[in-house]
Structures are given as structure tokens and as C-alpha cells.
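Architecture and fold: a report
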Amino acid sequence: MNKPLDLKEVMIDQATLAKRLRQETFGEVMTDSASRGRYATDASIYQAMPVAVFVPKTAEDIATAIQIAAELGVPVLPRGGGTSQCGQTTGAALVIDNSKYFRNVLDLNLNQGYVEVEPGIVLDHLNGSLKQHGLWYPVDVSTAGQATIGGMAGNNSCGSRSIAYGNMVHNVLGINAWLANGQIAEFGNYANSAGVARQLGDFVKGLANTLQPEIEAHFPKVLRRVAGYNLDIFHPQSELPYTQDGSVNLSHLLVGSEGTLAYFKSLKLKLAPLPKHKVLGIVNFASFYKAMDSAQHIVKLGPTAVELVDRTMIDLARSNPSFKKTIETALIDHTAQTPEAILLVEFSGEAHAPLLEKIMALQELMGDLGLPGSVVSMPDASLQKNLWEVRKAGLNIMMSLKGDGKPVSFIEDCAVPLESLADYTQALTDVFSKYGSRGTWYAHASVGTLHVRPILDMRRDGAQKMRAVAEEASALVRKYKGAYSGEHGDGLCRGEWISWQFGPKITEALTEIKHAFDPQGLFNPGKIINPPKMDDASNFRFSPSYQVIPLQPALDWSAWNVQNNPVTEETTAPGTGGDPAMGLAKAVEMCNNNGHCRKFDAEVMCPSYRVTRDEKHLTRGRANTLRLALSNQLDIKDETSPLGSDAIKEVMELCVSCKACRRECPTGVDMAKMKIEFLSAYKKRVGHSLRDLAVAYLPKYAGTISSIPLLPVILNLRNHIAPIAKLQEWIMGISAQRSLPIWKGNTFWSKPKAIAPYQFSPEALSNQPGVVLLADTFNAYFEDENLQAAITVLTAAGYRIHIPHKSQNKAKNKEQNTCSKEFCCGRTYLAAGMVDKAKETLGELIDHLAPYAQMNIPIIGLEPSCLFTLKDEALVMGFGERAVTVSQQAQLLEEFLASKAKAGKLNLQLKAASKPVLFHGHCHQKSFAAVTPAMELLKLIPNAEPQLIESSCCGMAGSFGYEAEHIEVSKQMAEASLLPSIRKLPDSWVVADGTSCRHQIADGTQREAVHIARILAAHLSVE
Ligand SMILES: Cc1cc2nc3c(=O)[nH]c(=O)nc-3n(C[C@H](O)[C@H](O)[C@H](O)COP(=O)(O)OP(=O)(O)OC[C@H]3O[C@@H](n4cnc5c(N)ncnc54)[C@H](O)[C@@H]3O)c2cc1C
Ligand code: SF4
Ligand code: SF4
């Protein structure tokens, strides 16, 4: 059985804690099992149920919470992004989330080059605000978009450029923190310190002086050592001094303390000038050993980064069409065999010319080392940026391995001196093969910290293998005088190795420090001091006792229901993974909690979190809640179906099914499909509302409404007479603030004769090229001008058009064609959780399209959400090969035309645009990489100079934005960037392919956005 996630065994009065927090603070207090479960994990293999979760709004809230916890004897665990890899952010404690409300810059001193911030500010946001001043905070962790400064200080985090800038400990100037008794202390320069900070400093100094010989003997002399407390502040051992002037800074004792000594209130950080220029020299190696051996020589040239990418990762990138070109820019000869490794050597500085000289010096050095001609010089900034992206993506591909075996992080940041790096990596590779696993190496060669994750199955023999590999790795680290914990901290994974690293006397001193700071032992217990064994399965997220409830999902998840081979990474056949939930649980378990979905600036994921900043509105929060529900770890009252429970409803409520996670989540967690599963189960439990039915059956009844004289006019009165809209809101929950799409009597389908020319059977194509054009409900009934425009453009380009219509099938099957004559993709049914109905209607469409697809006739759609149903959900609905064939031909109008243009086969005469063009991509369009073709196509219009609006979801998301309970969130999503960008350019074309996107733009800016077909048609010089 799974470990019960309840508090029965914990002698803590949760109710009193929650009551007092609610009464005495303004913060959000959560005690239900789902909320606590969402904070039970970080990016490690561990899980521990918090006592309660607290999201404070003010500093006083935190002080009060610490006070209450002390009085009740409840442990306290501060949390930022929760992206730690070692379990330091998991614990049976009152978990306090700083990331929602503590995001402010408190003081920026440009003259003295420092900034003071609250602990919950995210690194990228801080650096975004510093850019205008030509400054940055240079501890550039890979999780810069999610990691908070508090969490980075808690872990003593290190960035790719640590060789130039050092770790957190080298870049923190001071910390104001609450102690366990609620008292605030200022930790900074020791000589100037006073009060309790001074007393604690004196105490630590006494210990350090007594233990000086031990410190000198046991503290590794490498830059990357983050284990234990920094007792060496008084007797520096780091390769790079903690302070420039040799003074002692007491805040450095707190850096890396993982929430065990004090709770950071604010942090003062040292800033660095933002380098004006960067160049990259990429060294190609035919031998991995040689690459590792060269690092020690390369660093002498003064690079700001030396990063490794090994052959496995290069090959992964080369096999991916989107990365192939970029990775090959790093290769000396892309026609030759892939090199065993490449080192990305970056030089940065104020002027470009000296950096080019550095590249020449690198080339010379490699010649001296016996590798002449092995360096690719990359002075171009955009090429460099692309290459760094590919490096990151390589890791993502590695992490997306399906099956129970996963790349596990536990020895992935051991740091060894550079002169031993080659021998160390060679020896560790041998250890992996001894235990039937393999490692892909990457990252920080400059500082001897290479990331490597052997694939382990923690539900089976993973723990034993982890122990065995760790023991052997530690022996190697000792042999080469390295640091066992060199980047990611101690947590539950490396806590037991602290005494191994430092010996009993220093370990005892660390315990004394902990006692001096936190006599009750309430700050993050079990971390650094008295840690558990790393392989204690009772702390695992997936232990051998983990079980999934049997379940029949509505969609086909068998592709996830597989196991893998840890050496070859090959997976077994779909459906053979042994998942009682038929693959759904394994798909959910793909979330490894890395927190990448906590994004705000780039791309789309996750729009709901961007608005609320609540963990439950994050893809990770959703995946965790689903995982806990499917493994029966939630206290679910409505027993009928954990999948359709209220706990899952709460997390799915604001998921707009934008499909961004499907593409942007490094492990491909596809929450939009999971939402369909939820809706299917939930609606079976509670039934469908009138609004559900109105949305779901729209394609069925749209034809009837438009065909009854005057009915469209009457229905449209709702948009003009407020009481009708109010009444509709009251009855159906459709927001009165929204205008509804306008019904028409004269639609695309009302002119059967007009569409007659657009019919041909697949076999009937002669010499003229032909395409199938889908007339979806929205573009046929509400905006038929888009369909007409598409017909005009395709005809002008010389294509014969077939528009699917059931009249064709009528002769074949008289039973069809009862209510509606049009085919439909079933999207509206899926949105209402009516999977069977969606299968029925989509099945008909697939049947109709399959013969065209088999003849390689392109199937073109205008509405992204409809078209991409053919490429996405249709493949998991049991339609078999015919759906695959159809999906291969399915494409948006712009994808089709842009591909023809690229091939030099598009014959469209377009006249010049008279005003600028703004383009907003529909979420599904972004998810399926179909924005670039739209931009390429728009560029064919002379003078158009299209600009892409950098936006997440428009907030409308099908029916979401019309729903009364979601209208405010919907507007906030739109206001995040889309609407302000449009307002900035009042005299421009606004192009948006999504019906609901256009509606949101019209409602929010009173501007008309047009489908791409219309702007093309408007610029045809010969119509
Ligand atoms: C894919 C991936 C890549 C990563 N890359 C890097 C990397 O390049 N370099 C690197 O160093 N790490 C890396 N990490 C680890 C992790 O992202 C970093 O350590 C990050 O700095 C943690 O920030 P966070 O806000 O998520 O902290 P959390 O995980 O929330 O917290 C970290 C620790 O700090 C403590 N803490 C948080 N807030 C406070 C506070 N106010 N007061 C006192 N203690 C506090 C917590 O209790 C915890 O012990 C990576 C992780 C992942 C998943
Ligand atoms: S949902 Fe994806 S991006 Fe978010 S934490 Fe999980 S794995 Fe990472
Ligand atoms: S589908 Fe969109 S809203 Fe839903 S979890 Fe994924 S990114 Fe978030």
C-alpha cells in the first residue's frame, strides 16, 4: 500500500494551527490533503506530507506563523519555487510559500552595486528589472525562470558561469532573517554585527577556531562545495574567497543552510555589470576522456563558462528536426561522425575584439594539445543563444523517457578538481555499467561539476542500485579530493554524506550551530542535521509499495503504459507497462516536479498560474493532485471516482486546455488531455449543465437556428438588451459582460449551390492539385467570410477545393444526416467531457477524410482548435491507422501555403500592405509549432513586416472566457500582454486565427482581428 498521507501519526494539533493562522494572519491557510499534497514534493525523488500550507501576505504574517509554530511545536519549512533536487523542500512541517507575495525589490543601489530583495523574487524577474541599468545578478542557475532568491540562497546555488562569478555564497552581502523564536537578526559583515547575530557569530567563530585543523583537513578545496554549513567562513577553504577583502560575512553561514537555521526576510545581493559582448568557441572532441582532460587547460584562458555536451545529447539533437540545424553549427564537420563530446567555451567582456583574440588563443591551445582545427568560432549572438537552447532541450529529451525507470539525480553534482575530471568520469561510467545503467554527461566542465543521472526504477531495485552507485561514487570523490555535494545541496539525498565528507568533529559542530540557532529543532528538521538515509524508501515519492488504482480511461494512454531499458533507453510495446490505470497514471507520473511550468515571460505555459500564482493552478499542481488521486493518497470524500472528484475539479477549474504544457513541459505532461479524462469522469458523476449542453451541441443545432427565419435576429438581441444577458447569466452561467458570437441567417451552408463546385472524390483529381478545406462550425456559421477568403486564396493559388459535407455520404448511408449535414471534429463535445459523443462525430469525419489523406491530399483547416483535434485527440480515440494517416495531412491554411512557398511552388500575387501587421498565435497553433509558418506567410505580403505578439493564452479558450465564474481570470489573462500589445499599435492589422481569440480582442480593445485568410485575400493583387 502507498504511504498514507494523513496526520494520524503526527502528534500535531493541525486544527489549532490552522485556526490560529486564520485568526492571527491575513495569509492563505490550507490543510486539505490535496493542497498539502501539492507541497509534498520538490524536484527530487522524495515526498513528505506537510502539516499545513501557509501562503503569507505580509512579513508580519510570516513572523506570526513562526511564532505560532514555535508555540505549538510545529516544524517550519520555507519554500520558494520548490525546484530543489535533493528533497530539502519536502517535510512534515508547516510549509510557508514565499513565492506568491514576496517578490519585491526593496532597495537598488547603483553606486554601490547592490540590490536588496524579498526572498520570493524569481531570478529572471530580478535580472529583467536590472537589465536597464546594465547590471545583473550573475548566479545563473538553469532554473532562472523559477528559482527564487530565497531558495537559491537556501541551497547555495551555482550557475553555469560560476567560474567567473562564484556561487550564491560569493554573491550575497547580507541577510535579514527571522530566527526560530520569531526574533529578527541582521547577518552581514561580522566585524560590524551586533545583537543576536553577533552572539551567534561569536559562537560559530569559537567552534571554527577550535576546529581549524579539522576544517583545513576536511573541507574540499574546490569552488563547488555546498554541503553542510559554511563553517569555513572564519577559515576560508574555497578556491574562490567568499569575500573580496577577506572579511567575514555572517550571512554566508546561512547560505546553503536549507531553511534549517533561519527564515530569510530579505537578502542583499552583489550585482555585476552585464557583459556587453560574448563569443563562443566550440571544441569538438573525438574522445570523451580528452574533452575532460582538456578542461583544466581551457579554464586558464579565463572563460566565463565551459559547458559539456556529450555525444548522446548531440545525437538526440541531431535526430530532432527542430534542433538538427542548430547543433550542427557547433560541429567542425557535420557530414562526419558525431564527436564524442563538445565543450562550449564562452568568453565575455566589454569589447568584442579582445574576445575574438580569446577564441584564437583557444584554437592555439587546442593545437598545442594535439587537436588542431577542432574549434568552431561562434561570434554571432543569436547563433550562441540557439545553441544554449539546444543544450537545455537535450536534457529535456532525456528527462522525457517513458516508463518507471527515470534518470535519477543523486550524484549529479559531485565536484572534482579539474586535473582529475577525466579519470573521475571514466571511473564513474564504469560504475554505471557495472550496475546495468548508463549516464549521459553534461554541464559545468569549467568547475569539475558534471551532471549525470543513471536511470533507476525506484519502485523496484532503484534504492539498492542508488546506494551501490553512491558508495562507489563517494569513494571516487574522496580519491580525487572532491566535494560530494557540489551544486544541488544536501536535503534528504545527501544529508547522510555530510559526516562522510567532514568527519565526526565537524559534524558535531554543525549540530551545535543548529542548536544555537534553533534550539527546538523546528526549522526544516531532518535536513543537514540528523538526516535520514538517502535510500529510506518511506521517504520516496515512488516506493516499492506505491500502487495505482485500476481505472478505464476515456482516451487511449497506452503509449505511456511502457517500461524502458536503462542502458538502451528503448521502451516496450505500448500497453505493456503494467499500469492499472491503462497508462493514464504513468502519463501523470511523467511530471518530475522540475517547476518549469512556473513561467511568466516566455511562451505560453501555464496561463492560469500566471494570473493566480497558486500552486493548484499550475501544471505541476495539477499533475501532483492527479498522481495522488490515482494512487489513492488523497482524502477524497466523494468516493465514486478519484479522477472525477472535487479535489481534481478544483485544480482543473482554471486549466484552459491550451495544450501549452504538451509542448513546453520538458517531460511532455499533457494536461489538456488529462482534463478531458477529468471532465469525462466528473460529468458522469454530476451530470451536464445546460451550459455544457449548449456548448457541446452547438455544431448540431447551429444549422437549425440559422435556417429559421428571424431566429438569428431574435437571439442576437441578447447582445443588445442587458436584462436578457443577465437572465442568461443567471440561468446558464454565461457572463453578461460578454457579447456572444453573432447568429446569421445567411451562412456558408445556406447556399448549397454555391458550395456545389467544392466537391470532388479523392479519385477524381486530374492534373490540377487539390486540397480538402474543412468548414468548421465557427467559420461556417458565424464568420463565413473567413471560409470565403480561404477559398479565394486557395483558388488564386491554383488549387481545386473539396469541402467535406455529408450530402456526399448521404447516398452511401441514409441513416447519417439526421440533424446536421456538416461534419464536425467533436471539439465542443470534448470540452464538455462527452468523449463518446466526440468519438462518434470525429469518427465520421475521419472516415470521410481518410481516402483523401491516403491519396496525400492536404487537409486544410482554418480554426486551430478544430484542425489540431485531428492531429492530437483523434490519435488517442481508438481510430487506428486511418486517424494517423489523416493527421499526417492535416494542417492549417498557413502551414500549407508557407510550405508551398518554401518549396517555390506558391503562385500568389500579393500587393503591398499599407499598415503594419500584428499576429497573435492561437494556443494550439503554438503548441503544434504552427506560428512560424503564419509569420513566414505574412512576410510574403510586401511591406507587412509582421510582428508576433509575445503572449500566452488570450484567456478565451473556447467557452472558458464566456463563463461567468471565469470572466475575471479570462480578462486578466488577456491583459497580461495580448491586449496591451494591440493597444500600443492602434493603426495596424491584427491577425488571429482563433475564433475565441478574435472575440477576446474585440471585447477588450474594440478592434477587429481577422483570420489570416482574410488578410491574404485582401492583399491579392489579382482576385
Ligand atoms: C531542471 C533543474 C535544473 C537545475 N539547475 C540548477 C543549477 O543550474 N544550479 C543550481 O544551483 N541548482 C539547480 N537546480 C536546483 C534548484 O533549481 C536550485 O537550487 C534553485 O535555486 C532552488 O530555488 P527554489 O526557489 O526552487 O528553492 P526551494 O526548492 O523552494 O528551496 C530551496 C531551499 O531553500 C530554503 N528556502 C527557501 N526560501 C527560504 C527562505 N525565505 N528562508 C530560508 N530558507 C529558504 C528551502 O527551505 C529549501 O531548503 C536545478 C533544478 C532543476 C529541477
Ligand atoms: S508539469 Fe512539466 S514543467 Fe511542470 S513541473 Fe511537471 S514536469 Fe515540470
Ligand atoms: S493545458 Fe494550458 S492551462 Fe492547462 S495545465 Fe497545460 S498549460 Fe496550463
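Residues numbered from 1 in each chain as written. Chains lettered and ligands numbered in written order. Predicted model: local features only at pLDDT ≥ 70, side-chain atom pairs only at ≥ 80, totals over all residues. Heavy atoms only, no water.

**Comments concerning the overall build of the protein chain**
- A tally of regular secondary structure across the protein chain gives 43 helices and 26 strands.
- Relative to the globule expectation of 31 Å for 1023 residues, the C-alpha radius of gyration of the protein chain, 30 Å, shows essentially globular dimensions.
- Counting all 1023 residues of the protein chain, 62% fall into the buried class.
- Pairs at least 24 residues apart make up 73% of the contacts formed inside the protein chain by residues separated by at least 6 positions.
- Carbon and sulfur atoms form 54% of the exposed surface of the protein chain, whose accessible area is close to 37900 Å². (Helix = DSSP H or I, 4+ residues; strand = E, 2+ residues; numbered from the N terminus. Rg over C-alpha atoms; globule rule 2.2 N^0.38 Å. Buried < 20%, exposed > 50% of the residue type's maximum accessible area, 1.4 Å probe, protein only. Contact = heavy atoms within 4.5 Å. Areas by Shrake-Rupley, 256 points an atom, 1.4 Å probe, with all protein chains shown as cover.)

**A closer look at helix α34 (residues 835–854)**
- Its axis deflected by about 30° at H848, α34 carries its strongest bend there, up to four residues before the proline P851.
- Within the sequence span of α34, burial applies to V835, A838, T841, L842, G843, L845, I846, H848, L849, A850, Y852 and A853.
- A positive phi of about 60° marks N856, the residue just after α34. (Bend = angle between axes of the 7 residues up to and from the residue.)

**Some details on the packing of helix α10 (residues 288–298) against helix α15 (residues 421–434)**
- Taken N-terminus to C-terminus, the directions of α10 and α15 make an angle of 145°; their axes are 7 Å apart at the nearest point. Touching F288, Y289, M292, D293 and A295 of α10 are L421, A422, D423, T425 and Q426, all from α15. (Axes fitted to C-alpha atoms, helices over the stretch in contact; angles between N-to-C directions.)

**A closer look at the pairing of strand β24 (residues 917–920)**
- Of the two faces of β24, both are covered, the one formed by V917 and F919 as well as the one formed by L918 and H920.
- The sheet contact formed by β24 and strand β26 (residues 989–992) spans four bridges and is parallel. By the bridge assignment, L918 is partnered in β26 with V990. (Pairing = 2+ DSSP bridges.)

**Observations regarding the site of ligand 1**
- Within the structure, ligand 1 sits among 35 residues, and P78, G80, T83, S84 and C158 are positioned closest to it.
- Residue G82 places a main-chain N or O atom 2.8 Å away from an oxygen atom belonging to ligand 1.
- Residue S142 places a main-chain N or O atom 3.0 Å away from an oxygen atom belonging to ligand 1.
- Contact with the protein chains hides 96% of the accessible area of ligand 1, taken as 970 Å² for the molecule alone.
- No other element matches helix α5 (residues 149–155), which puts five residues into the shell around ligand 1. (Near = heavy atom within 4 Å. Polar contact = N/O pair within 3.5 Å; in protein donor to acceptor, adjacent residues only side chain to side chain.)

**Focus on the nonpolar core**
- In terms of nonpolar packing, the biggest core is built from 91 residues, with L584, M652, M671, M674, L842 and L870 touching the most fellow members.
- The dominant element in this core, judged by the number of residues it contributes, is α34, at nine residues.
- Residue contacts for L842: discarding those within four places in its chain leaves C824, C825, T869, L870, A874, M877 and F879. (Core = buried A, V, L, I, M, F, W, Y, C linked by side-chain atoms within 4.5 Å.)

**Here's the deal with the sheet that holds strand β2 (residues 52–55)**
- What the four strands build is an open sheet, ordered β1-β2-β4-β3; its pairing is mixed. Looking at the sheet topology across the chains shown, the edges are occupied by β1 (28–30) and β3 (76–79). Averaged over all pairs of adjacent strands, the angle between strand axes in this sheet comes to 20°, irrespective of strand direction.
- The pairing of β3 with strand β4 (residues 94–97) spans four bridges and is classified as parallel. Bridging across to β4, P78 finds its partner in I96.

**Quick look at the confidence of the model for the protein chain**
- A residue-level look at the protein chain finds 97% of positions with pLDDT of 70 or above and a mean pLDDT of 93.
- The low-confidence segment residues 1–9 (pLDDT under 50) makes 19 contacts with residues lying over four places distant or belonging to another chain.
- Segment residues 811–819: pLDDT under 50, and five contacts once partners within four positions in sequence are set aside and those in other chains are kept. (pLDDT = per-residue confidence, 0-100.)

**Description of the environment of T571**
- Looking at the secondary structure, you find T571 in the loop between α18 (497–517) and α19 (584–588).
- Excluding anything up to four places from it in sequence, T571 contacts K402, V562, Q563 and N564.

**Comments concerning the side chain of R620**
- Inspection of the secondary structure assignment puts R620 in helix α21 (residues 619–630).
- Ignoring sequence-local partners within four residues, the contact set of R620 consists of R79, G81, G82, C591, N593, G595, C597, R598 and E615.

**Concerning the site of ligand 2**
- The local shell around ligand 2 consists of C591, N592, N593, N594, G595, H596, C597, T619, R620, C665, P666 and T667.
- The residue makeup of the shell around ligand 2, split by class, is four nonpolar, seven polar and one charged. (Nonpolar A, V, L, I, M, F, W, Y, C, P; charged D, E, K, R; others polar.)

**Structural notes on the pattern of salt bridges**
- Following the criterion strictly, the structure yields 55 salt bridges and no others.
- Note that K533 and E496 form a salt bridge whose closest N and O atoms lie 3.6 Å from each other. Here K533, found in the loop between α18 and α19, pairs with E496, found in the loop between α17 (491–494) and α18; they are 37 residues apart in sequence, far enough to count as distant.
- The buried category is assigned to E496, whose relative accessible area is 13%.
- K673 is the partner of D670 in a salt bridge, and the nearest nitrogen-oxygen pair spans 2.5 Å. (Salt bridge = Lys/Arg side-chain N within 4 Å of Asp/Glu carboxyl O.)

**Quick notes on the packing of aromatic side chains**
- Inspection of every chain in the model, using the stated rule, returns 22 aromatic pairs.
- Here W178 and Y263 contribute two aromatic rings whose centre-to-centre distance is 5.7 Å and whose plane-to-plane angle is 75°, an arrangement assigned as edge-to-face. On the criterion of sequence distance, the pair formed by W178 in strand β8 (residues 172–178) and Y263 in strand β10 (residues 263–270) is long-range, its members being 85 residues apart. A single burial state applies to W178 and to Y263, both of which are buried.
- One aromatic cluster is present, formed by F288, F432 and W441 through successive ring pairs.
- The aromatic ring of F542 is capped on one face by R459, whose charged end is 4.4 Å from the ring centroid. (Phe/Tyr/Trp six-rings, centres within 6.5 Å; stacked < 30°, edge-to-face > 60°. Lys NZ or Arg CZ within 6 Å of the ring centre and 35° of its normal.)

**A few points about a nonpolar patch on the surface**
- Taken together, L710, V713, I714, L717, I721 and I724 make up a surface patch of nonpolar side chains, about 520 Å² in accessible area.
- Assignment of secondary structure puts I714 in helix α27 (residues 711–716). (Patch = residues over 30% accessible without salt bridge, like charges linked within 9 Å, V, L, I, M, F, W, Y side chains within 5 Å.)

**Describing the side chain of S193**
- Relative to the helices and strands, S193 is located in the loop between β9 (184–187) and α7 (195–210).
- According to the relative accessible area criterion, S193 is buried, its value standing at 13%.
- In terms of polar contacts, S193 uses its side chain to reach the backbone carbonyl oxygen of Y190, at 2.7 Å.

**As for the state of the cysteines**
- On inspection of all chains with the given rule, the structure shows zero disulfides.
- Its sulfur unpaired, C158 is 11 Å from the next cysteine sulfur, which belongs to C86.
- Here C866 is not disulfide-linked; the sulfur of C825 is the nearest cysteine sulfur, at 3.8 Å.
- We classify C866 as buried; its relative accessible area is 10%. (Disulfide = S-S within 2.5 Å.)

**Details of the sheet that holds strand β20 (residues 770–773)**
- Across the sheet, which stays open at both edges, the four strands sit in the order β21-β20-β22-β23 with parallel pairing between neighbours. Edge positions in the sheet fall to β21 (800–802) and β23 (890–892), since each of these pairs with one other strand and no more. Geometrically, the sheet is characterised by an average inter-axis angle of 40° between neighbouring strands, direction not taken into account.
- In this sheet, β23 lies alongside strand β22 (residues 859–861) in parallel orientation, the contact comprising three bridges. Bridged to I859 within β23 is A890.

**Section: the pairing of strand β18 (residues 449–452)**
- Here β18 shows two buried faces, one formed by T449 and H451 and the other by L450 and V452.
- Relative to β18, strand β17 (residues 441–444) runs antiparallel, the two being bridged by four bridges. Bridging from a neighbouring strand, W441 pairs with V452 of β18.
- If you look at the hairpin formed by β17 and β18, you'll find four residues sitting between the two strands, and G448 has a positive phi there, around 70°.

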